[in-house]
Amino acid sequence: MLPAVGRLIRESVQAKARYTEAENYLQNLSQRILLLGGLSVDISAVESLKAQKESSGQTLKQSLEKIEQMGVVVKDLDVGLVDFPTLYLGEEVYLCWRMDEDDIEHWHGVHEGFAGRKEIDQHFVDNHRGREN
């Protein structure tokens with residue numbers, strides 16, 4: 001599942017960045033128009049940015065929906081951080097992965113977050129039962 005999630009989270013991170021870039025530019029432009037009482041604006045460039053924002057927002061929404069349907073929890077879109085719910089010693093925990101990592105090598109409790117990440121060791125592997133649906 002990791003290759004598919006990796007592709008989708010990278011797509012989401014890029015879509016968010018494009019959306020934010022377009023949104024910031026459009027807000028800045030609106031502010032300048034308001035402060036200056038008008039401004040000569042390249043309408044085609046503004047329309048292109050609006051289309052980029054809309055397209056990026058749609059891509060982001062679709063990617064996040066696909067990730068959610070896979071049962072994966074998106075934690076941070078700035079760094080591409082996701083958690084995979086699973087069971088360890090009968091308790092729900094998260095396998096933790098960030099898009100710059102090659103494999104899933106860490107886990108943490110549901111209330112610990114990224115700061116509480118621990119390496120997956122043999123004890124974890126021996127006592128990991130997977131999530132029961």
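The preceding data block contains the structure.
Conventions used here
Residues numbered from 1 in each chain as written. Predicted model: local features only at pLDDT ≥ 70, side-chain atom pairs only at ≥ 80, totals over all residues. Heavy atoms only, no water. Helix = DSSP H or I, 4+ residues; strand = E, 2+ residues; numbered from the N terminus. Rg over C-alpha atoms; globule rule 2.2 N^0.38 Å. Buried < 20%, exposed > 50% of the residue type's maximum accessible area, 1.4 Å probe, protein only. Contact = heavy atoms within 4.5 Å. Areas by Shrake-Rupley, 256 points an atom, 1.4 Å probe, with all protein chains shown as cover. Lys, Arg positive; Asp, Glu negative; His and termini not counted. Charge placed at Lys NZ, Arg CZ, Asp CG, Glu CD. Polar contact = N/O pair within 3.5 Å; in protein donor to acceptor, adjacent residues only side chain to side chain. Salt bridge = Lys/Arg side-chain N within 4 Å of Asp/Glu carboxyl O. Core = buried A, V, L, I, M, F, W, Y, C linked by side-chain atoms within 4.5 Å.

### Some remarks on the overall build of the protein chain
Link 1 in the chain: Looking only at helices and strands, one finds 3 helices and 5 strands in the protein chain.
Link 2 in the chain: Radius of gyration (C-alpha) of the protein chain: 20 Å, far over the 14 Å computed for a compact globule of 133 residues.
Link 3 in the chain: Projecting the C-alpha coordinates of the protein chain onto the three principal axes gives extents of approximately 65 × 25 × 25 Å.
Link 4 in the chain: Among the 133 residues that make up the protein chain, the fraction classed as buried is 32%.
Link 5 in the chain: A fraction of 45% describes how many contacts in the protein chain between residues 6 or more apart in sequence connect residues 24 or more apart.
Link 6 in the chain: A total accessible area of about 8,500 Å² is found for the protein chain, and carbon and sulfur atoms account for 49% of it.
Link 7 in the chain: Charge separation in the protein chain, taken as the distance between the mean sites of 15 positive and 23 negative side-chain charges, equals 5 Å.

### Points about the side chain of D83
Link 1 in the chain: Checked against the element boundaries, D83 lands in strand β2 (residues 81-88).
Link 2 in the chain: A polar atom in the side chain of D83 sits 3.2 Å from the side chain of H108.
Link 3 in the chain: The contacts of D83, once residues within four sequence positions are left out, are V72, V73, K75, Y94, L95, C96 and H108.

### With respect to the pattern of salt bridges
Link 1 in the chain: Tallying each qualifying case throughout the model produces 8 salt bridges.
Link 2 in the chain: The salt bridge partner of E23 is K53, with a shortest N-O separation of 2.4 Å. Of this pair, E23 sits in helix α1 (residues 2-36) while K53 sits in helix α2 (residues 43-69); the two residues are 30 residues apart in sequence, bridging distant segments of the chain.
Link 3 in the chain: K53 gets classed as partly exposed once you look at its relative accessible area, which sits at 23%.
Link 4 in the chain: Its salt-bridge partner being R98, residue D100 comes within 2.8 Å of it at the nearest N-O pair.
Link 5 in the chain: Shared partners join several salt bridges into a network, and the residues in it are R98, D100, E101 and R117.

### Here we look at the nonpolar core
Link 1 in the chain: Grouped together as the largest cluster of nonpolar side chains are 18 residues, with contacts concentrated most on I9, V72, V82, F84, W97, W107 and F124.
Link 2 in the chain: Listed by contribution, the elements that provide at least two residues to this core are α1, α2, β2 and β3 (91-98).
Link 3 in the chain: Among the elements that take part in this core, α1 stands out by supplying 6 residues, more than any other.
Link 4 in the chain: If sequence neighbours within four positions are ignored, F84 has contacts with M1, L2, V5, V72, V93, Y94, L95, W97 and I104.
Link 5 in the chain: Formed by 5 residues, the second largest nonpolar core is a distinct cluster that contains A22, L26, V46 and L49.

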